[in-house]
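Geometric and topological summary
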Amino acid sequence: TLAIGIQLGEALASLDRVDLVHRDLNLAQVVLGLDGRVRLVGFGLNVESSYDRLSAGQAPLSSVDFLSPEQVDGDLPPTTRTDVYGLGAVLFQSLSGKTPHAGATLFTRLRAIAHDAPPDLRALVPAVSDGLASLISRCLEWDADDRPLPRDLAPLLRREADALGYEAGWEERVVASAARAHCERSGPAPQDATVIRLLGTDRALERHLTPGHEVEV
């Protein structure tokens, strides 16, 4: 999680330098490479983001669990610190297996994001260091101005890694290992297959379509 967070933090710092906001940062937009690099995708060039559809009064096509309070309220335009919230939500779920705000329905989750504070990460995962839990909590602050600046994320996360005694080059090794493990679990798609990923409000579904075969979804 630290390795992914550091590289995503570097990505957000790069976006901040050119005044670009992703607006829909979530786990589905994070790709782990076998080269040890983390890539942030899904910049909404061809597909409406959850934020775009909520702003238009439509049901989102993908998860809303990583949207920030200002995106749900719709009172303020997204800023680079909106993406900081998204990163905090990604790290929260990566460590705990839960999103920062629970709810049985889309409405209850949106209401929780807009009005409730996330639970204490340390209560869910006692092994998480106080420093990392505090940093993630700061990323999930309701007021965007109280969140860290994008340029500070990677240095702050790297400081946590240094405190744990990680050696040089550990980030790439960890990411590459996670990418290989994912490939082994899912298996490669056939060369003549079309990979289709369906993103819903609660889950993502991937199917490999090959000529002559039907797939029921």
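Please refer to the structure placed before this passage.
Okay, so let's go over this structure. (Residues numbered from 1 in each chain as written. Predicted model: local features only at pLDDT ≥ 70, side-chain atom pairs only at ≥ 80, totals over all residues. Heavy atoms only, no water.)

Regarding the overall build of the chain
Inclusion rule: Working definition: helices are DSSP H or I runs of at least four residues, strands are E runs of at least two. Numbering for both runs from the N terminus. Note on exposure labels: buried denotes an accessible area under 20% of the residue type's maximum, exposed denotes more than 50%, and partly exposed covers the range between, all computed with a 1.4 Å probe on protein chains only.
Looking only at helices and strands, one finds nine helices and four strands in the chain. Starting at the N terminus and walking to the C terminus, you meet the elements of the chain as α-β-β-α-α-α-α-α-α-α-α-β-β. Buried residues in the chain amount to 39% of all 217 residues.

Some words on the nonpolar core
Condition: Within this scheme, the nonpolar core is defined by two criteria: the residues are buried Ala, Val, Leu, Ile, Met, Phe, Trp, Tyr or Cys, and they are joined through side-chain atoms within 4.5 Å.
Residues Leu-8, Leu-12, Leu-87, Leu-121, Ile-136 and Leu-157 are the most contacted members of the largest nonpolar core, which totals 35 residues. When residues of this core are traced back to their parent elements, those giving at least two are helix 1 (2–17), strand 2 (38–40), helix 4 (80–96), helix 7 (130–139), helix 8 (150–163) and helix 9 (170–186).

Side note on a negative patch on the surface
Which entries qualify depends on this criterion: Patch building starts from residues that exceed 30% relative accessible area and form no salt bridge, then joins like charges within 9 Å and nonpolar side chains (Val, Leu, Ile, Met, Phe, Trp, Tyr) within 5 Å. Under the convention used here, a 1.4 Å probe and the Shrake-Rupley method define accessible areas, while residue burial counts only the protein chains that appear. One speaks of a salt bridge when a side-chain nitrogen belonging to Lys or Arg is within 4 Å of a carboxyl oxygen belonging to Asp or Glu. Only four residue types enter the charge count: Lys and Arg as positive, Asp and Glu as negative, with His and the chain ends excluded. One atom stands in for each charge, and that atom is NZ of Lys, CZ of Arg, CG of Asp or CD of Glu.
Together, Glu-141, Asp-143, Asp-145 and Asp-146 line one region of the surface with negative charge. Its location among the elements puts Glu-141 in the loop between helix 7 and helix 8.

Quick word on helix 4
Spelled out, the test is: Working rule for helices: expected span equals 1.5 Å times residues minus one.
If you check helix 4, its first and last C-alpha atoms are 25 Å apart, about what 17 residues at 1.5 Å a residue would give, namely 24 Å. For helix 4, the buried fraction is high: 14 of the 17 residues fall into the buried class. Directly beyond the C-terminal end of helix 4, a positive phi value near 80° is found at Gly-97.

Brief notes about the packing of helix 4 against helix 8
Where we set the bar: Only the stretch in contact is used when fitting a helix axis, every axis being a line fitted to C-alpha atoms; angles between N-to-C directions are given from 0 to 180 degrees. Every angle not falling under 35 degrees, over 145, or within 65 to 115 is termed oblique; those three ranges are roughly parallel, roughly antiparallel and roughly perpendicular. What makes two residues a contact is simply this: any of their non-hydrogen atoms within 4.5 Å. Under the scheme applied, nonpolar residues are Ala, Val, Leu, Ile, Met, Phe, Trp, Tyr, Cys and Pro; charged residues are Asp, Glu, Lys and Arg; polar residues are all the others, including Gly.
Contact pair helix 4 / helix 8: the axes reach a minimum separation of 9 Å and the direction vectors enclose 30°. Taken together, the axes of helix 4 and helix 8 lie roughly parallel to each other. Across the interface between the two elements, Thr-80, Val-84, Leu-87 and Leu-91 of helix 4 pack against Pro-150, Leu-153 and Leu-157 of helix 8. Residue classes in the contact of helix 4 with helix 8 are distributed as six nonpolar, one polar and no charged.

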